[in-house]
Amino acid sequence: MTQVPKCTHSQKARGIIIDRLARRYAGLRNAMAFVVYAFTLLPTLIVIPISFGGAGEMSFPPSNWTLELYEQLFSSSAWVSSILQSTKVSCLATLLAILIAVPAAYGLGRFDFPGKRLVLFLVMSPMVVPVVVTSLGLYLYFSRLHLVGTTIGLVLSHVAYVTPFVVITVMAGVNKLDPALELAASIMGAKRLAVLLKVVLPQLRPSIIAGALFAFLMSFDEVVIAWFITSPETTTLPVKMYTSVQWEISPIIAAVSALLTMLSIVFCCLSIFLLPGTAEPSR
Amino acid sequence: MSYVTVSMGSDEVLVPDSKQDSAADTMPAINMKANMIALEGVGKQYGGVQVLHPIDLAVREGEFVTLLGPSGSGKTTILSIIAGAIAPTQGRIILNGRDVSAVPPRERGLGMVFQNYALLPHLSVFDNVAFPLQVRGLAKGEIASRVANALERVGLVGYEKRKPRELSGGQQQRVSIARCIVYSPSVILMDEPLGALDKKLREQLQAEIKRLHRDLGTTVVYVTHDQEEALDLSDRVCLMNGGRIMQVGTPNDLYFEPVSEFVADFLGESNLLEGAVTAVNTVTTRDGMVLGVRSTEGCCVGSPVKVLIRPEKIGMTDAGAPAIATQRHNVTSGKIAQASFAGGTMRVDVLCEKGARLRLKTVSSRASELVGAPVVVSWATSDAMVLKN
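Just so it is clear, the structure is predicted and the values come from calculations on it, not from any experiment.

J.: Help me understand the UniProt feature "transmembrane region" (unreviewed entry) in chain A, please; the structure alone is not making it clear to me.
T.: With numbering aligned to this structure, UniProt lists the feature "transmembrane region" (unreviewed entry) at residues 31-52, 89-106, 118-142, 154-174, 208-229 and 249-275 of chain A. In residues 208-229 of chain A, the share of helix is 91% and the share of strand is 0%. The end C-alpha atoms are 28 Å apart.

Listed below in structure tokens is the structure:
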């Protein structure tokens, strides 16, 4: 028989008081949380109703509700091409980042080798350096290589920018894997590649997808590096938005912002939906 | 015995191959079956700490050998070294006549059952059991029939489509055993396979493992800290402590002929009386009891020893009853100091008149089992074992 430690009387009493306080002020707590969320979220969400205003109008609340701004957006070749360019860059950057980050995360998360801390530091270093500094460095470096203004240049820059975040996400997944599964597979005769493909990757799938969504969003949103690297022919959506705010202040920007916000929300919901899968124990 | 040919000038002389014989010498020649596993001077150090002192251990083909010991005794280290999960600091591992010290786990042709099952969570029961056959590139039809056969052996027909997390612990461990026997590895390693299960399931699976071993005749190396499991399942038990082998032998050997106090104490209950050899087959305890013992071979008169008597070998009668003592018996009178009733049997502590306290196990009875009742206890000379210090 195991003995259950008994609560002392005073501990119990204190617990009851805290419970009572928590119940009495529950309303206040909820109200505070609501105010904070409203303060941070409202400016973002307000663009959504604005985006449904009429052409040439940018006011809240809109005087009449139309889809004119969206029509203007999708009929402007400059906006559409920047959306396509952003999509292309983000997809390529995500793909490359996954190809680099997954093996890196597995190697760093699973094995010990000399110089591991150095490699980890190098992989993570883009997170430490301010983005403006990275951008300037990339600009100077890529101008030597004639990569400034090219899509490839921008993709490579974004790969460097998002890879550390993917490594962190996937490494968290690797740390949850039971190493006994890989040992079991290799004792059963599986070669290293088979262990990776049939044992490790299927279990890492949720964290890889979460990392990919994250990488895509980061690349799609990224403006500083893109500002340095892109040319008028390779302008991405955030760069186009930034310039349009500076030079023209067209209400189309509200429609673009609303779309971007919804994209972010959808992606975040997707990754939240996927992450419980990684939290599930492997047995 | 194997020989290497050494040429000396024109003559060829047969010289015993000392390397190979060193392992063969350390194992008792009980039967003539070949060694499936031979560990030769295998040891392991972690950062200057010797977790496993160099050991020699041979496991014959078809044998069920259990590595038994408290946690930290090095038993799991030995299993991991055989599996190839960790490399030994010194020594050689011979598997089926081949030195596999430098061979990776996947080429050793072993099977392993883990305490936490180690099933692939994303695969169904069928695919888990099929995994070792798929990596071997077997044909689909062959895989299906062998998986069906393995699942039938462990009583899991009808569970093929389930995921591991939809199964109970006992069922998961059965899947893991099926996954092992499906590709008929020459050796199956089991690392505390019943450790995560509750008592009833443990007994049930223990019986199944025993039956499977009898049916398949596979060599099994089993790790546990549970002595009853070890005694029930094993052909031989290797009892370990502190990174050293304390004794290797059949369960009977270990229980009835322990070589040391540790072995006697680890397996079952024991009464240990300190004393010194005073004559051939006679030991006088510290408090002056003169005991006849089975054998004092190898002890000098005066050398300090301990006498081991198993509680169930001690008989007890009421003080008034006619003594059943014969010449073979050690007899002493005393009083019951404590008695605990455990259903069919009871455990009684008797304080002997000379001061020794003896624990004995006896069939329960109501008669005069009162604390303080005078009794006579006796045991056969052949049940008193001498342990050298």
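J.: Looking at this model, I keep getting lost on the pattern of salt bridges. Mind explaining?
T.: Once their charged atoms are close, side chains differing in charge can pair, the charge on each being opposite to the other. All names here are of chain B. Per the stated rule, a full pass over the model turns up 21 salt bridges over all chains. The residue Arg236 makes a salt bridge to Glu63 at a minimum N-O spacing of 2.5 Å. Residue Arg236 is located in strand β11 (residues 236-241), and its partner Glu63 is located in the loop between β4 (49-60) and β5 (64-68); the two are separated by 173 residues in the primary sequence. Assessed through its relative accessible area of 5%, Arg236 is described here as buried. Judged by relative accessible area, Glu63 falls into the buried class, the value being 6%. Taking the shortest distance from any N to any O, the salt bridge between Arg211 and Asp215 comes out at 3.9 Å. Placement of the pair is Arg211 and Asp215 together in helix α6 (residues 199-216), with a separation of 4 residues, close to one helical turn. Look at Arg211 and you get partly exposed, because its relative accessible area is 30%. The exposure class assigned to Asp215 is partly exposed, which follows from its relative accessible area of 43%. Each of Glu269, Arg347, Asp349, Arg357, Arg359 and Lys361 takes part in a single network of salt bridges with overlapping partners.

J.: Got a minute to help me understand the sheet that holds strand β12 (residues 244-249) of chain B in this structure?
T.: In any sheet, the strands associate via hydrogen bonds between backbone groups, in a parallel or an antiparallel arrangement. All names here are of chain B. The mixed open sheet is built from 6 strands, whose spatial order is β8-β9-β10-β5-β11-β12. In this open sheet, the two edge strands, each paired with only one partner strand, are β8 (110-113) and β12. Between one strand axis and the next, the sheet turns by 15 degrees as a mean value, whatever way the strands run. With 5 bridges joining them, β11 and β12 adopt antiparallel strand pairing. When the bridges of β12 are listed, Cys238 appears paired with Val248.

J.: I would appreciate a short explanation of the nonpolar core in the present structure.
T.: The nonpolar side chains of soluble globular proteins are, as a tendency, buried together. Ile37, Leu39, Leu189 and Val221 of chain B are the most contacted members of the largest nonpolar core, which has 95 residues in total. No other element matches helix α10 (residues 192-221) of chain A, which puts 9 residues into this core. Here Leu189 of chain B is in contact with Leu79, Ile82, Ala83, Leu110, Gly111, Met112, Val113 and Val221 of chain B, once residues within four sequence places are set aside. Counting residues in hydrophobic clusters, the runner-up holds 26 residues, among them Val283, Leu291, Ile309 and Val348 of chain B.

J.: Sorry if this is basic, but what is going on with the domain arrangement of chain A here?
T.: The parts lose accessible area when they come together, and the size of an interface is often stated as this lost area. Parsing chain A into structural domains produces domain 1 (9-41) and domain 2 (78-277). With centres defined by C-alpha atoms, the gap from domain 1 of chain A to domain 2 of chain A works out at 39 Å.

J.: In this structure, what is going on with the environment of Val187 of chain B? I would like to understand it.
T.: Residue and element names in this part refer to chain B. Secondary-structure assignment places Val187 in strand β9 (residues 187-191). In this structure Val187 comes out as buried when scored by relative accessible area, which is 0%. Distance from Val187 to Ile177, taken between C-alpha atoms, is 13 Å for residues 10 residues apart in sequence.

Cut-offs and rules
- Position numbers for residues start from 1 in each chain and track the written sequence from start to end.
- Here the convention is simple: chains get letters from A, ligands get numbers from 1, in the order in which they are written.
- A pLDDT threshold of at least 70 governs which residues receive local features in this predicted model, and a stricter bar of 80 or more applies before side-chain atom pairs are shown or counted, although totals over entire chains, interfaces and linings include all residues.
- Side-chain metrics in this entry use all non-hydrogen atoms of the structure; hydrogen atoms and water are not considered.
- UniProt positions are given in the numbering used here, feature names are shortened, and annotations may be inferred rather than shown by experiment.
- Numbering of helices and strands starts at the N terminus; helices are DSSP runs of H or I of at least 4 residues and strands are runs of E of at least 2.
- Whenever a carboxyl oxygen of Asp or Glu lies within 4 Å of a side-chain nitrogen of Lys or Arg, that contact is scored as a salt bridge.
- The classification of residues rests on relative accessible area computed with a 1.4 Å probe and restricted to protein chains. Under 20% of the type maximum is buried, over 50% is exposed, and intermediate values are partly exposed.
- Strands pair, by our definition, only if DSSP identifies at least two bridges between them.
- To define axes, lines are fitted to C-alpha atoms, for helices over the stretch in contact only, and angles between the resulting N-to-C directions are given on a 0 to 180 degree scale.
- Nine residue types can take part in a nonpolar core, namely buried Ala, Val, Leu, Ile, Met, Phe, Trp, Tyr and Cys, and a core is a set of them joined through side-chain atoms within 4.5 Å.
- Residue contacts follow a heavy-atom distance rule, with two residues in contact if any of their heavy atoms lie within 4.5 Å.
- Domain ranges listed in this record stem from an automatic or a database domain assignment.

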